[in-house]
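Architecture at a glance
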Amino acid sequence: MTVTLESRDAEIARLNAQMLQAQSEGPGMGKISTLQVQNESLNAEVNTLTQQLLQAHADENVRMALLLQSLFFFINLRVPNLRMSDSNLGAASGAGAPEEPVPVVGAISIPGKRSSMEDAISVWPNLCSPYLNQHRPIDFFAVYDGLGGPHVSGLCRDRMYLVLLEELMMTKTIICSSSSNENMSRRTRAQLEAHRVKEMWKRVLKRCFERIDEMAFVTCYECGIGIPCGCPPQHLGLGGSTAVLAILTKEIIIVANCGDARAVLSRGGRVMPLSIDHKPDRPEERARIEAWGGRVDFDDCARVEGILSMSRAIGVKYLKKYIISEPEFTFTKRDLQDECLIIASDGLWDVVPNEMACQVARECLQQENPSAENDGLRPWVENDGRGEVFSSPSAAAAALLTRLAIARGSQDNISVIVVDLKIDYIQL
């Protein structure tokens, strides 16, 4: 059965390569849709085979060993031409500038035991080189978990990074208009500038959430579009989504979170949560809800007005008085001991503790990269040899975590992004 499982994983990797090639060739959505259907069918078969394999071994240690053995071969997706040029953000960029290296990332999003898919993920290495980061590249990763349908999570996936680009374009003028007191010491001036940049990141990201929230209000629950569609007005704004965003620079990890998706950092064998779930039973969240006249009911779990099991989300117009879209932020200075960053939906975190997730990811990342002995740190590349699809420990970690969540009884969609921070940036 393990051989069958690996053969299906190989087929999935080949289908992803074909989809990327079809995307790079331009229009041809029919071909891409056909490949996506085949991919989804194979993923469903892989999940069934995995369940059969796990049911045959009741001991959890045996299960883990079997999963590790069968999952170190999977897919890792790198969409070509992701990087926006500096000129797109109002910065001068020289012709023929070398392509920036990209981080090693593994990402997977599956329905799990749900009949519908409401999660969405966004992976944009080298999204842009904004003025706010001194024209150096940033990487953007996000997980969105739809509420009451896939429309708002899909909206977040398709629009959030674009809104971020727009907001970053407007920061140069704001920063340049601020001047430091020349009488300040160099250290004081550096501290002030660091604080100013931090506050600007908060302003930019907060504005992104506000704008997407406004779009969600006019997104139709039936057809999923944000323009007049002829549906009854009561269909607008019913859906919602959680969102956790991670922006990586060479020096810092910025996380913005709204809802119960989560980002966790593994550093030197230690677990560092970079976000806190927005649950209605958090004292400060419950106090805010009750101050506005709402209530938190406790049945199977804490729920706002007995309906929603989280206190912040994008959209959810019918509870907007109590459910806000304002994100919370963390800024974490990068360290040489950083191992990996895990960003995932609650389909993982509801059944897999932070410590276990980081341990599994670390075990995967310690495995030897298939290409290391032949090409330095360059990952093994399938098909065209240009890095669009390649197999890596970070991809195996993301795949393993999703299957571990299923094995531990997750009933939700599962989306996982694993960023390898030890290898950091690999020049492709």
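The notes below deal with the structure included here. Remember, it's a predicted structure, so these values are computed and weren't measured experimentally.

Rules and cut-offs
Throughout, a residue's number is its position along its own chain's written sequence, starting from 1. With the structure being a predicted model, the display of local features is reserved for residues of pLDDT at least 70 and the display and counting of side-chain atom pairs for 80 or more, all residues being used for whole-chain, interface and lining totals. By convention in this description, side-chain values take in all heavy atoms of the structure and omit both hydrogens and water. Numbering of helices and strands runs from the N terminus, with a helix taken as a DSSP run of H or I at least four residues long and a strand as a DSSP run of E at least two residues long. When a residue's accessible area, from a 1.4 Å probe over protein chains only, is under 20% of the maximum for its type it is buried; when over 50% it is exposed; and in between it is partly exposed. Note on areas: these come from Shrake-Rupley sampling with a 1.4 Å probe, and a residue is covered only by the protein chains present in the view. Here, nonpolar core refers to any group of buried Ala, Val, Leu, Ile, Met, Phe, Trp, Tyr and Cys residues whose side-chain atoms link them within 4.5 Å. Contacts between residues were defined by any pair of non-hydrogen atoms, one from each residue, lying within 4.5 Å. Any pair of nitrogen or oxygen atoms within 3.5 Å is treated as a polar contact; in protein, a donor-acceptor pairing is required on top of that, and neighbouring residues in sequence qualify only through side-chain atoms on both sides.

1. Remarks on the overall build of the chain
Of regular secondary structure, the chain possesses eleven helices and 15 strands. Looking at the chain as a whole, 51% of its 428 residues are labelled buried. Just so you have it, the chain exposes about 19500 Å², and 51% of that area is on carbon and sulfur atoms.

2. Some thoughts on the nonpolar core
Counting residues in each nonpolar core, the largest one holds 33 residues, and the members touching the most others are L127, F140, Y144, M160, L164, L245 and I314. At the level of elements, β2 (119-128), β3 (138-147), α4 (151-169), α6 (186-217), β4 (240-248) and β5 (252-258) are the ones that each hand at least two residues to this core. Per element, the largest residue contribution to this core is nine residues, and it comes from α4. Beyond its immediate sequence surroundings of up to four residues, Y144 is in contact with E118, D119, A120, S122, S153, C156, R157, M160, S241, T242, A243 and L245. Counting residues in each nonpolar core, the second largest holds 27 residues, with C358, V360, A361 and A405 among its members.

3. Comments concerning the environment of S122
By the element assignment, S122 lies in strand β2. A relative accessible area of 3% means that S122 is categorised as buried. For the pair S122 and D158, spaced 36 residues apart in the sequence, the C-alpha separation amounts to 8.3 Å. There is a polar contact of 3.1 Å between the side chain of S122 and the side chain of W124.

4. So, the environment of P327
Of note, P327 is situated in the loop between β10 (314-315) and β11 (328-333). When its relative accessible area of 3% is taken as the criterion, P327 is described as buried. When the C-alpha positions of P327 and E210 are compared, they lie 9.5 Å apart, and in sequence the two are 117 residues distant. With near-sequence residues (within four places) excluded, P327 lies in contact with K206, F209, A256, N257, C258 and R312.

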